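Architecture at a glance
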Amino acid sequence: AALAGELSEVAAGQKDLLDETMQRRDALKAREEKQVAAKAAAAKKKLLDAIDALKREMAAAPSGFRPDEAAQAAGAVESLGTLKRLVEHGELWDAAEEARGISAKTQKIATQLGARRAAVAFETGAGGRALQMQAAEAKALGWRKRAGEIADTIEGLFPKPGALFSPDEARGMEGLSGRQQGL
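Quick caveat: nothing in here was measured; it's all calculated off a predicted structure.

Reading the values: the criteria
- Residues numbered from 1 in each chain as written.
- Predicted model: local features only at pLDDT ≥ 70, side-chain atom pairs only at ≥ 80, totals over all residues.
- Heavy atoms only, no water.
- Helix = DSSP H or I, 4+ residues; strand = E, 2+ residues; numbered from the N terminus.
- Buried < 20%, exposed > 50% of the residue type's maximum accessible area, 1.4 Å probe, protein only.
- Contact = heavy atoms within 4.5 Å.
- Areas by Shrake-Rupley, 256 points an atom, 1.4 Å probe, with all protein chains shown as cover.
- Salt bridge = Lys/Arg side-chain N within 4 Å of Asp/Glu carboxyl O.
- Core = buried A, V, L, I, M, F, W, Y, C linked by side-chain atoms within 4.5 Å.
- pLDDT = per-residue confidence, 0-100.
- Expected span 1.5 Å × (residues − 1).
- Polar contact = N/O pair within 3.5 Å; in protein donor to acceptor, adjacent residues only side chain to side chain.

1. Considering the overall build of the protein
Assigned secondary structure in the protein consists of five helices and zero strands. Starting at the N terminus, the α and β elements of the protein follow one another as α-α-α-α-α. Residues classed as buried in the protein amount to 28% of the 183 residues present. Contacts spanning at least 24 positions in sequence make up 80% of the contacts within the protein whose residues lie at least 6 apart. In the form shown here, the protein has an accessible surface area of approximately 10,900 Å², with 57% of it arising from carbon and sulfur atoms.

Structure below.
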């Protein structure tokens, strides 16, 4: 009976702790969203312009792309459309992830082109093709750089971890951690 009473007391303590943690989390999330929304409003036009410019440039894939590379570029262009919609609707956490994905896709294209260019360089009489592939690789690396800049801009809108806590709130969170360990 005493053990059941202690377990009941621990369960009640856990519930109280969970409730308090959720309240603090919700308040912090609302504060973060407000801060991000204010920064995003200022950066939105710049981001949308950068996305549109990159999308236009990538839609006209340069010569030197194989069909699979052109298909990868087309997939990245579709992802740019998704990214634009996410930014327009203020879904910045998802937009940051989408932008990083686009950067990875364009890096993959550039890597494939670089590998093919290196192989072609050893073929006799392939100088023109090697130059064409070098230009295509440079274009893909430029796309990757610009996609990375877009991702960095979006991620720069988010506050640094812990920046939203006042010193009192940080102490309160430490107190919650101590209560959790005690339970």
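Alright, that's what it looks like, and here's the rest.
2. Some details on the pattern of salt bridges
With the rule as written, the count across this model stands at 12 salt bridges. A salt bridge links Arg-146 to Glu-57, with the shortest nitrogen-to-oxygen separation between them at 2.2 Å. Placement of Arg-146 in helix α4 (residues 127–155) and of Glu-57 in helix α1 (residues 2–59) is noted, with a sequence separation of 89 residues between them. For Asp-152, the salt bridge is made with Arg-100, and the minimal N-O distance between the two is 2.3 Å. One end of the pair, Asp-152, is in helix α4; the other, Arg-100, is in helix α3 (residues 92–120), with 52 residues separating them in the sequence.

3. Let's talk about the nonpolar core
Membership of the largest hydrophobic core comes to 32 residues, with the highest contact counts inside it found for Leu-83, Val-87, Ile-150 and Ile-154. Where this core is concerned, the elements lending two or more residues are α1, α2 (67–88), α3 and α4. Looking at which element gives the most residues to this core, the answer is α3, with eight residues. Setting aside anything within four residues of it in sequence, one finds Leu-83 in contact with Ile-51, Ala-95, Glu-98, Ala-99, Ile-102, Ile-150 and Ile-154.

4. Digging into the environment of Glu-169
Looking at the secondary structure, you find Glu-169 in helix α5 (residues 167–182). Separated by 141 residues in sequence, Glu-169 and Leu-28 place their C-alpha atoms 9.9 Å apart.

5. Some remarks on the confidence of the model for the protein
Confidence in the prediction for the protein averages 83 pLDDT; 89% of positions are at 70 or higher. Here α5 stands out as the element of the protein with the lowest mean pLDDT, 71, in contrast to α2, whose mean of 93 is the highest.

6. Overview of α2
Helix length check: α2, at 22 residues, gives a terminal C-alpha distance of 32 Å against a target of 32 Å (1.5 Å per residue), a fit within 8%. Looking at α2, one finds that the buried residues are Glu-69, Ala-73, Ala-76, Val-77, Ser-79, Leu-80, Gly-81, Leu-83, Leu-86 and Val-87. Following α2 by one or two positions, Gly-90 adopts a phi angle in the positive range, close to 75 degrees.

7. Considerations on the side chain of Glu-69
Secondary-structure assignment places Glu-69 in helix α2. One polar contact links the side chain of Glu-69 to the main-chain amide nitrogen of Arg-66, over a distance of 2.8 Å.

8. Thoughts on the side chain of Ser-103
Along the chain, the position of Ser-103 falls in helix α3. If we skip the residues at most four places from it in the chain, Ser-103 touches Arg-144, Ala-147 and Gly-148.

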